[in-house]
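Letter by letter, the chains look like this.
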Amino acid sequence: MRKWKQYIALLVVVLTFGLLFGCSGANESKAPANKEATKTEQSQAAFPVTVKDGLGEEVTIKSEPKKIVSLIPSNTEIAYALGLGDKIVGVSDFDNYPEDVKKKEKIGGMDFNIEKIISLKPDLVLAHASGAHNSKDGLKQLKDAGITVLVVNDAKSFADVYHSIELIGKATGTAGKAQEIINNMKTKLEEIKEKAKQIKPEEQMKVWVEVSPPPQIYTAGKGTFIDEMIQDISAKNVAGGLEGWPMVTEEKVVAYKPDVIVTTYGGAKQVLERASWKDVPAVKNKRVYDVNTDLVSRPGPRLVEGVEELAKVIYPEIFK
């Protein structure tokens, strides 16, 4: 049972790029600053509109979507941020943010319920490139049923996330709101990076990020949001030389001698209790923390909050 849970925990981080991520969702969705303006923008948007999806294919949305089904949490978060919450009629079993998603119809997980989706009569289904190949037949059935399917790009960087937001914005007539969200994210991220510049190279913390505990320890390496975030706050990811989401031995982690340890599954307490890790600087100095996995892994508008959360635990004296 324990091994199964660990596998699920890792899968949540790797595939979600929003797909299976976490169930923590601590904060509630913020309404658009000007809801009426958002509605006006939608009503005045020019349709039909053609966009290039995450698979490089052109998709035409004939008219403004009135009913939307989202197949992954990241798409859902983006849609809500765009002020489309009232139009969402179905979400995945793994959606947990904002709170309003609990009221929405559930359409399944990785193996979504095609009949259920069709019964909701959506104008638009927001799919995702990370699972599009495995769900090829299911997506085709939705298209054959006359439903427009938009495959959103698989985001692995902030630039990719900006593109995802822009893509969904264009497809739903909320391009202006999408640009506003992107600009706000960029501004906030630059403020954090600017603040981090005061950290001298010799003062940069060595950080170990653990996304799954022993006996199969997984971490975040190069090409992940977490690695990018750590660099943005002038810290060093001790596993930054590894690619993607590698499995690492306990001996290797101990040899890294990290100054700070961050877990994305709520495992700080158990890390501190590992006898073989007692001489690791982070453990010795009790600098082991838990962070919300959704904020540091789910490719949506809240990623900047993830950067802030990491910054506060790694450099509390600077990011109070």
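Higher on the page you've got the structure.
Residues numbered from 1 in each chain as written. Predicted model: local features only at pLDDT ≥ 70, side-chain atom pairs only at ≥ 80, totals over all residues. Heavy atoms only, no water.

1. Section: the overall build of the protein chain
Here is step 1 of the chain: Along its length, the protein chain carries 14 helices and twelve strands.
Here is step 2 of the chain: Scored against the burial criterion, the 320 residues of the protein chain give a buried share of 53%.
Here is step 3 of the chain: The long-range share in the protein chain, meaning contacts at least 24 apart out of those at least 6 apart in sequence, stands at 65%.
Here is step 4 of the chain: Within the structure as shown, the protein chain displays about 14800 Å² of accessible surface, and the carbon and sulfur contribution to it stands at 51%. (Helix = DSSP H or I, 4+ residues; strand = E, 2+ residues; numbered from the N terminus. Buried < 20%, exposed > 50% of the residue type's maximum accessible area, 1.4 Å probe, protein only. Contact = heavy atoms within 4.5 Å. Areas by Shrake-Rupley, 256 points an atom, 1.4 Å probe, with all protein chains shown as cover.)

2. Description of the sheet that holds strand 4 (residues 88-91)
Here is step 1 of the chain: Strand order across the open sheet formed by five strands is 5-4-3-6-7, with parallel pairing between neighbours. Taken across any chain shown, the strands that pair with only one partner, and hence form the sheet edges, are strand 5 (105-106) and strand 7 (148-152).
Here is step 2 of the chain: In terms of strand pairing, strand 4 meets strand 5 through two bridges, oriented parallel. Bridge pairing in strand 5 links Val-91 to Lys-106.
Here is step 3 of the chain: Each of strand 3 (68-70), strand 4, strand 6 (124-128) and strand 7 is contacted by helix 3 (residues 73-81), which is oriented at about 130° to strand 6, the strand it contacts most. (Pairing = 2+ DSSP bridges. Axes fitted to C-alpha atoms, helices over the stretch in contact; angles between N-to-C directions.)

3. Structural notes on the packing of helix 7 (residues 158-172) against helix 8 (residues 175-196)
What describes two packed helices is the angle between their axes and the distance between those same axes.
Here is step 1 of the chain: Close contact between helix 7 and helix 8 brings their axes to 7 Å; oriented N to C, the two are set at 160°. For the element pair helix 7 / helix 8, the angle class is roughly antiparallel. The chirality of how helix 7 crosses helix 8 is right-handed. Residues Phe-158, Val-161, Tyr-162, Ile-165, Glu-166, Gly-169 and Lys-170 of helix 7 touch helix 8, and the partners they reach there are Ala-175, Ala-178, Ile-181, Ile-182, Met-185, Lys-186 and Leu-189.
Here is step 2 of the chain: Looking at side-chain class alone, the contact of helix 7 with helix 8 contains ten nonpolar, one polar and three charged residues. (Parallel < 35°, antiparallel > 145°, perpendicular 65-115°, else oblique. Left-handed = near helix turned anticlockwise from the far one by under 90°. Nonpolar A, V, L, I, M, F, W, Y, C, P; charged D, E, K, R; others polar.)

4. Details of the packing of aromatic side chains
Here is step 1 of the chain: As enumerated under the stated definition, the model contains three aromatic pairs in all.
Here is step 2 of the chain: Considering the side-chain rings of Phe-158 and Phe-225, the 6.4 Å spacing of their centres and the 80° angle between planes classify their relative orientation as edge-to-face. Residue Phe-158 is located in helix 7, and its partner Phe-225 is located in helix 9 (residues 225-232); the two are separated by 67 residues in the primary sequence.
Here is step 3 of the chain: Residue class for Phe-158 comes out buried when judged on its relative accessible area of 2%.
Here is step 4 of the chain: The ring centre of Trp-277 lies 4.5 Å from the NZ or CZ of Arg-274, which sits over that ring. (Phe/Tyr/Trp six-rings, centres within 6.5 Å; stacked < 30°, edge-to-face > 60°. Lys NZ or Arg CZ within 6 Å of the ring centre and 35° of its normal.)

5. Here's the deal with helix 8
Here is step 1 of the chain: Here helix 8 is 22 residues long and its end C-alpha atoms lie 32 Å apart, about the 32 Å a rise of 1.5 Å per residue gives.
Here is step 2 of the chain: Every buried residue belonging to helix 8 is among Lys-177, Ala-178, Ile-181, Ile-182, Met-185, Leu-189, Ile-192 and Ala-196, and all of these are buried. Along the long axis of helix 8, the arc covered by the buried residues comes to 140°, so they all point the same way. (Expected span 1.5 Å × (residues − 1). Arc of directions from axis to C-beta.)

6. Remarks on the nonpolar core
Here is step 1 of the chain: Phe-158 and Ile-314 are the most contacted members of the largest nonpolar core, which has 59 residues in total.
Here is step 2 of the chain: Once residues lying within four places of it in the same chain are set aside, the contact partners of Ile-314 are Met-205, Val-207, Ile-233, Ala-235, Val-260 and Arg-287. (Core = buried A, V, L, I, M, F, W, Y, C linked by side-chain atoms within 4.5 Å.)

7. With respect to unusual backbone geometry
Here is step 1 of the chain: In this chain, Phe-47 is followed by Pro-48 through a cis amide linkage whose omega measures 5°.
Here is step 2 of the chain: Structurally, the position occupied by Pro-48 is in the loop between helix 2 (35-44) and strand 1 (49-52).
Here is step 3 of the chain: For the bond from Tyr-97 to Pro-98, the omega torsion is -5°, close enough to zero to count as cis.
Here is step 4 of the chain: Note on placement: Pro-98 falls in the loop between strand 4 and strand 5.
Here is step 5 of the chain: Even without glycine at this site, Ser-234 takes up a positive phi of about 60°.
Here is step 6 of the chain: Residue position: Ser-234 is located in the loop between helix 9 and strand 10 (236-237).

8. Topic: the environment of Met-185
Here is step 1 of the chain: Relative to the helices and strands, Met-185 is located in helix 8.
Here is step 2 of the chain: Looking at Met-185, the relative accessible area reads 5%, which means it is buried.
Here is step 3 of the chain: The sequence separation of Met-185 and Leu-303 amounts to 118 residues, and the corresponding C-alpha distance is 8.4 Å.

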